[in-house]
Each structure stands twice: as structure tokens, then as C-alpha cells.
Amino acid sequence: MSTSAAEIREKIQAVMAAAEDLARAGAAIPAVVRNTARIRASIKMLELGVCDIVQMTGDGAFDP
Amino acid sequence: MYTDQEYWNPIAETLEPERLRRLQLAKFRRIFAWAYERSKFHRRLYDAAGVTPADIRSFADIARVPKVEKSMMRDIQRKDPFPYGEALCVPLEEVSEFRQTSGTTGQPVYQADTWQDWEWWAECWAYILWSQGYRPTDRVFIPFGYNIFVAFWAGHYAAEKIGCEVVPGGVLDTPARILKIQELKATAMMATPTYVLGMADTAVAKMGIDPASLGIDKITCAGEPGANIAATKKRMERAWNAKVYDHAGATETGAWSYECRHQPGGLHVNEAFFLVEIEDMESGEIIESPGRRGKMIITALDRQAQPCVRFDAKDVIEWDADPCPCGRTFRLLKGGVAGRADDITKVKGVLLAPAAIEEVVRGVEGLGDEYEVIVDKLGDVDRIKLKVELLPGAENRGKEIESRLKDQLRVQTNLGYRIEFYDYGRLPRYEVKAQRFKDLRKKKEG
């Protein structure tokens, strides 16, 4: 099974949005705030390695 | 299985060159605007040059952006926000990591990183380690004194990220580290070339252990030249019966390059995360074509807390004309980092790169790994003295070795040397960065 980079990008964006929602929902709970900060930093690496490439360079036609 | 994949991130590492350039330009615009808007230091620098984010439309525009020198970073630090000063682009409470440069060229530079930046460090190192064959089945031993220098910290985190089992060999001494490698059957290691050779020496000379029998099958080197010097690499590979891979990075820049498992005789630049420009050292022109050496101007395209935008790293490099058989589209630097612009010095009117001396010394059979070069002046005349050690068993071959050494040094460096032989074990040993080149002329000149 293969998924295009553009599809992977959509899933990364969805995960980032969910992490941000979680951070907002648990804004008074240190464990939620700090753990989601780390989660978002990890997802950011996927944004740099996948989303940026799709968004900044073209159609995301890569087929892993 | 993902572990069969050649690339850590094939989307980035096989991107067509034209798209890579587009990515770099877009990312440069983003990091330039980030620094311009958030750092008083950068804003002042760019305003003085009349360059704003709106002006960056092409690589020619990037070349107009003022370079940042290490001395500038020294000048602004220890001011508010303490201790990083005016280049800090995030609130201080977002900084999670402090590191500093080793200070070999002067006052150490302090470097701030957020947790996202620290993830970025590990991500960049993951490209390195994956390309060198590190996989979740590896047990990685790190014989490094975990401290304020960044060195192998990010290698540790990247190995964890990849899924390796990491053994931090921090406060152990060299024999204890060797015994721990032996006990745990470690498969990989990261260290400076000096220490890779030093550990092998200790294992053989003091412990009666052949390092080649320990089962380490790959070693990642960083921190100083060596893994890119053919004779030194050969000595390390022979001593450990392992593949030795080169990597170049720095506290201020991040981990920007790697030698992949195909050992193409150079370093890949991670061009999805960094923009490396090569500047002619005389004209200042940006060199695009292979075969011409210049100094590296580097931008870390995604580092945020204390950005690295057109940093004058002073590494001397050149593009390689040939692609790597690994299939990565990230360009290669021929021979890795050839030296530092600061280290290349004129002796008797001839340009001398210390790495060329190491290549010769480590290529002569009968000589130990350690050596020392001392340049001084007698009256108006420069002199070079080379101190070397004869290996046990080679003591009677001094004349023959001296003759071969002088010949090869003449060929490689166009200079004559006074050779001094020492008994094996007499020259200084180093654990991290070695200081083997001493230019006494500079001291006299103040």
C-alpha cells in the first residue's frame, strides 16, 4: 500500500490540530500542557520534513 | 519493512534538485523574516544593509544578506535577555537547552534551543545515523562526557528516536568504556577520531584487548577532521574492524551534513534543512560549480530560538561533481570539510592545511597515531617541526621512515620539515578535540 506525500501531509495537519485542541482543553493541567508541547514539537518535525515540501515545492506526487 | 528503507525521509532526500532549490528559497524567506521580526540583533544588521524580508525573491537576493560572524555573537551575549542577548527570538521561558561552543577560537558562544529546536537537532542527526545503517537492532555506545558542549548529545537523542538502544558511557574512563562495550556487545559507537584511535590504543596497549574483536561494526565521527582523511579513516577502520563515517556540524549551525553508508568520499549536505553556500575567499562570489574551494556560509532553515542565518562558519569546502550511488539528491561536498579558513596558514609563503600533514603521518607504516606540528620563526624565516612517535618494533627503522616522511610531506605540502622522533606514548593524548598544530609565530606577534 502506498500513500502520497499530499495525503500524509493532510494526516499530519490533522494530528497537529488534535494536539493543539488537546493543549487548549487541558490548559490548566501542567501534565497536559507540557506533554502536548513535546508532542507538537515532534509533529513539527513531520511538518518540516513532509508538509513544507508538499506546500513549498509542488503537488506532493511522491509515492513512498 | 520500514527498516529496509535506504532513506530516513525519502520525500526529502530524493527530492528533485530544482524542487530542493525552491524549498530552500521558501524556507530561507521564512527564517529570515522570523529573525528580522524577533531579534534586535538581526533587525539592526539587516536594516543597516537595507535588506528586508520583502527583498528576498531569489538566491541572488540571499547573497546580499549580511553574514553573521562568530565575533558578533560573542559581542551580544551576556546581555538581556541573559545570557543569550539580542539574537534570542523566543521568550526566555521557552528555552529548554543551553549549550556553548568549545571556545577553541576565543570566548565561547552560548546557544539557546527550545524543545522544538532540540527535536530538530535529533531529527537532523536521525538523517545521519539512518544513512549510516543505524537501525532499531543496534546497541549504540556513546563514550562522551555529557556536558555543556553539544557534541554527541543530539546523536544520543537521534539514536533513541531511530529506536536504537543507547548506552551513555559518560563518566566512565577509557578502560571501563572498553569493558562495557565488550560486556554489552555494543554494535555502534560515536566519538571524535582522536578518541576512536585513543580507545583502540588503550585497548591494545593497556588491556590486551583487540578492539577489532569487540563487535562494533560502525562508528560515527564528529568534532574534528579525521574521518574524512583517508589515512586516518583507514587506521580507525582497521583498528576496530568497523565502517567509519564522517559528519560535520557545529553548535551554532546544527548537524548539517553526513557521509552515508556508501562512503562516497565526501559529505551530503542536508539540503532540506540547511542552505549551504560556498563563498570564494578572495572575491566573495558564491561558487556554484564543483571543483572550486571556498568557505561555507550556512543557514539553518528551521532553527528558531537563536537563528543561524548566513553564518560564516569558516569551513573550507567544495562541491563534488559526481552524484552519490545512494541516490540521494542532497549534494556532496568533495572530501568533506577540507579545513578551516582560520587554520589554513602561510608558511614560507606556501598555503598549508594541517589536515594534509595528518594524511601523510597516518599513512606511514611504523608511526603511531599521535603527532604534533610546531611552526615558529628563526629571524625572518619560518620553520616547521613535526614530532612523531615510532611504534614498538619500528625503533630501528627511524632513518627509512624519516626519509619517506620527508618525501611525502614535500609532495603533499611543498614544504620541508624537521622531524623529531619520540618513543611510543610520549606525545600528548587527547580525549575530545586534539590540539596538534601550534603556530608560535602568532603568539610572538600577539
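Every value quoted in this text rests on a predicted model; they were computed, and no experiment measured them.

A. Region of the structure containing the overall build of chain B. Counting secondary structure elements, chain B contains 13 helices and 21 strands. Its C-alpha atoms give chain B a radius of gyration of 22 Å, within 12% of the compact-globule value 22 Å for 446 residues. Sorting the 446 residues of chain B into buried and exposed places 56% on the buried side. In chain B, 68% of the contacts between residues at least 6 apart in sequence involve partners at least 24 apart. Summing over all exposed atoms, chain B offers an accessible surface of approximately 18500 Å²; the carbon and sulfur share of this is 51%. Computing the positive centroid from 64 side-chain charges and the negative centroid from 67, chain B places the two 3 Å apart.

B. Focus on the overall build of chain A. When its secondary structure is counted, chain A shows 2 helices and 0 strands. The 64 residues of chain A split such that 38% are buried. Entry remark: accessible area of chain A is about 3700 Å², with carbon and sulfur atoms responsible for 57%.

C. Representation of the sheet that holds strand S8 (residues 257-258) of chain B in the model. Residues and elements named next belong to chain B. Taken together, 3 strands build an open sheet; the order of strands is S8-S9-S14 and the sheet is antiparallel. Among the strands making up the open sheet, the edge pair consists of S8 and strand S14 (332-334). The pairing of strand S9 (residues 266-269) with S14 spans 3 bridges and is classified as antiparallel. When the sheet's bridge partners are listed, Gly266 is paired in S14 with Lys334.

D. Focus on empty space enclosed by the protein. All names here are of chain B. Going through the model one piece at a time under the given rule, you end up with 1 cavity of 30 Å³ or more. One number sums up the size of the largest cavity: a volume of about 80 Å³. Lining the largest cavity are His42, Val68, Met73, Gln111, Glu252, Gln306, Pro307, Cys308, Val309 and Phe311. Taken together, the residues of the lining of the largest cavity break down into 6 nonpolar, 3 polar and 1 charged.

E. Layout of the packing of helix H2 (residues 30-57) of chain A against helix H6 (residues 115-131) of chain B. Interhelical geometry of H2 of chain A versus H6 of chain B gives an angle of 50 degrees and a closest axis separation of 9 Å. In terms of orientation, H2 of chain A lies oblique with respect to H6 of chain B. Handedness of the crossing formed by H2 of chain A with H6 of chain B: right-handed. From H2 of chain A, Arg38, Ala41, Ser42, Lys44, Met45 and Leu48 of chain A reach across to H6 of chain B, where they touch Trp115, Gln116, Glu119, Trp120 and Glu123 of chain B.

F. Geometry of the pairing of strand S4 (residues 165-168) of chain B. All names here are of chain B. Bridging between strand S3 (residues 139-142) and S4 involves 4 bridges; their strand directions are parallel. Across the sheet, Ile142 pairs through a bridge with Pro168, a residue of S4. Once you follow S3 into helix H7 (residues 153-162) and on to S4, the crossover reads as right-handed.

G. Molecular detail of the packing of helix H2 (residues 17-38) of chain B against helix H3 (residues 40-49) of chain B. Residue and element names in this part refer to chain B. Packing of H2 against H3 leaves a shortest axis separation of 5 Å and a crossing angle of 105 degrees. Taken together, H2 and H3 sit at an angle that is classed as roughly perpendicular. Along the contact surface, H2 presents Phe32, Ala35, Tyr36, Glu37 and Arg38, while H3 presents Lys40, His42, Arg43, Tyr46 and Asp47. Class assignment for the residues of the contact of H2 with H3 results in 4 nonpolar, 1 polar and 5 charged.

H. Broad picture of the pattern of salt bridges. Enumeration according to the criterion identifies 49 salt bridges over all chains in this entry. Its salt-bridge partner being Lys27 of chain B, residue Asp52 of chain A comes within 4.0 Å of it at the nearest N-O pair. Taken together, the residues span two chains, with Asp52 of chain A in helix H2 and Lys27 of chain B in helix H2. Put simply, Lys406 of chain B and Glu402 of chain B hold a salt bridge, and the shortest N to O gap is 3.3 Å. One end of the pair is Lys406 of chain B and the other is Glu402 of chain B, both in helix H12 (residues 398-413) and 4 residues apart, which spans about a single turn. On the accessibility criterion, Lys406 of chain B (35% relative accessible area) is partly exposed. Judged by relative accessible area, Glu402 of chain B falls into the partly exposed class, the value being 23%.

Definitions and limits used
- Residues numbered from 1 in each chain as written.
- Chains lettered and ligands numbered in written order.
- Predicted model: local features only at pLDDT ≥ 70, side-chain atom pairs only at ≥ 80, totals over all residues.
- Heavy atoms only, no water.
- Helix = DSSP H or I, 4+ residues; strand = E, 2+ residues; numbered from the N terminus.
- Rg over C-alpha atoms; globule rule 2.2 N^0.38 Å.
- Buried < 20%, exposed > 50% of the residue type's maximum accessible area, 1.4 Å probe, protein only.
- Contact = heavy atoms within 4.5 Å.
- Areas by Shrake-Rupley, 256 points an atom, 1.4 Å probe, with all protein chains shown as cover.
- Lys, Arg positive; Asp, Glu negative; His and termini not counted.
- Charge placed at Lys NZ, Arg CZ, Asp CG, Glu CD.
- Pairing = 2+ DSSP bridges.
- 1 Å grid on protein atoms, 1.4 Å probe; cavity = no way out; pocket = protein on both sides within 12 Å on 5 of 7 lines; lining within 4 Å.
- Points joined across faces, edges and corners; volume = space filled by probe spheres on them.
- Nonpolar A, V, L, I, M, F, W, Y, C, P; charged D, E, K, R; others polar.
- Axes fitted to C-alpha atoms, helices over the stretch in contact; angles between N-to-C directions.
- Parallel < 35°, antiparallel > 145°, perpendicular 65-115°, else oblique.
- Left-handed = near helix turned anticlockwise from the far one by under 90°.
- Right-handed = clockwise from strand over helix to strand, strands pointing away.
- Salt bridge = Lys/Arg side-chain N within 4 Å of Asp/Glu carboxyl O.

Shape is all these values report; function is a separate question.
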